[in-house]
Amino acid sequence: MASRSIHLGGCLCGAIRFEARAPASNPHTCSCKMCQRHTGCPTSVWVDFPKDAVSWTGPGGAPSVYRSSDYSSRAFCQVCGSTLGAIDDQPTIALLVGCFDKPGRSDLVPVAHSYTGSRPKWWRIKVHSK
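Residues numbered from 1 in each chain as written. Predicted model: local features only at pLDDT ≥ 70, side-chain atom pairs only at ≥ 80, totals over all residues. Heavy atoms only, no water.

### Thoughts on the pattern of salt bridges
Part 1 of the reasoning: Taken as a whole, this structure holds four salt bridges when the rule is applied.
Part 2 of the reasoning: Measuring nitrogen to oxygen at the nearest pair gives 2.7 Å for the salt bridge that ties Asp89 to Arg67. Of the two residues, Asp89 is situated in the loop between β8 (83-88) and β9 (92-96) and Arg67 in strand β6 (residues 64-67); the sequence distance between them amounts to 22 residues. (Salt bridge = Lys/Arg side-chain N within 4 Å of Asp/Glu carboxyl O. Helix = DSSP H or I, 4+ residues; strand = E, 2+ residues; numbered from the N terminus.)

### Details of the sheet that holds strand β10 (residues 112-114)
Part 1 of the reasoning: Judged by pairing direction, the sheet is mixed, and its seven strands sit side by side in the order β6-β7-β8-β9-β4-β3-β10 without closing on themselves. Unpaired on one side and paired on the other, β6 and β10 mark the two borders of the sheet. The sheet shows a mean angle of 30 degrees between the axes of neighbouring strands, taken without regard to direction. (Pairing = 2+ DSSP bridges. Axes fitted to C-alpha atoms, helices over the stretch in contact; angles between N-to-C directions.)

### Here we look at unusual backbone geometry
Part 1 of the reasoning: Residue Asn26 is not a glycine yet carries a positive backbone phi of 55 degrees.
Part 2 of the reasoning: Relative to the helices and strands, Asn26 is located in strand β3 (residues 25-30).
Part 3 of the reasoning: Using a relative accessible area of 43% as the deciding quantity, one classes Asn26 as partly exposed.
Part 4 of the reasoning: The phi dihedral of Tyr115 falls on the positive side, at around 55 degrees, and the residue is not glycine.
Part 5 of the reasoning: As for its position among the elements, Tyr115 is in the segment after β10. (Buried < 20%, exposed > 50% of the residue type's maximum accessible area, 1.4 Å probe, protein only.)

### Observations concerning the pairing of β8
Part 1 of the reasoning: With six of its six residues buried, β8 lies for the most part within the structure.
Part 2 of the reasoning: As paired elements, strand β7 (residues 72-76) and β8 share five bridges and run antiparallel to each other. What sits directly across from Ala75, in β8, is Gly85.
Part 3 of the reasoning: Between the antiparallel neighbours β7 and β8 lie six residues, among them Gly81 with a positive phi of about 85 degrees.
Part 4 of the reasoning: Connecting β8 to the antiparallel partner β9 that follows it, the hairpin turn spans three residues.

Written as structure tokens, this is what we have:
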């Protein structure tokens, strides 16, 4: 049986796969313009892991990256274009919850929302408290 703190996931085509061997932290949603353009969605759902706890296990190795700010790069599959998350300069990798094999796990449920003012006014977000 897999440990509760092992998270598996990957891109649409399977070239990029990841294994995160740590408890998930900071599960949150974000509606900033950068996240909107990165994902094509009005809101992104993120979760953080220590950089050294994430292994790129698929045949494509590590994802390609685009330097999106002075502190972070956005990660994506060069084959299918799937967005996977952000690799920060600090020792953090933020992964998009939709990339997980089991996105419904309770430790991935968002508990906060960033940039609510940037969301479309028709978009309603429900954030759970633990």
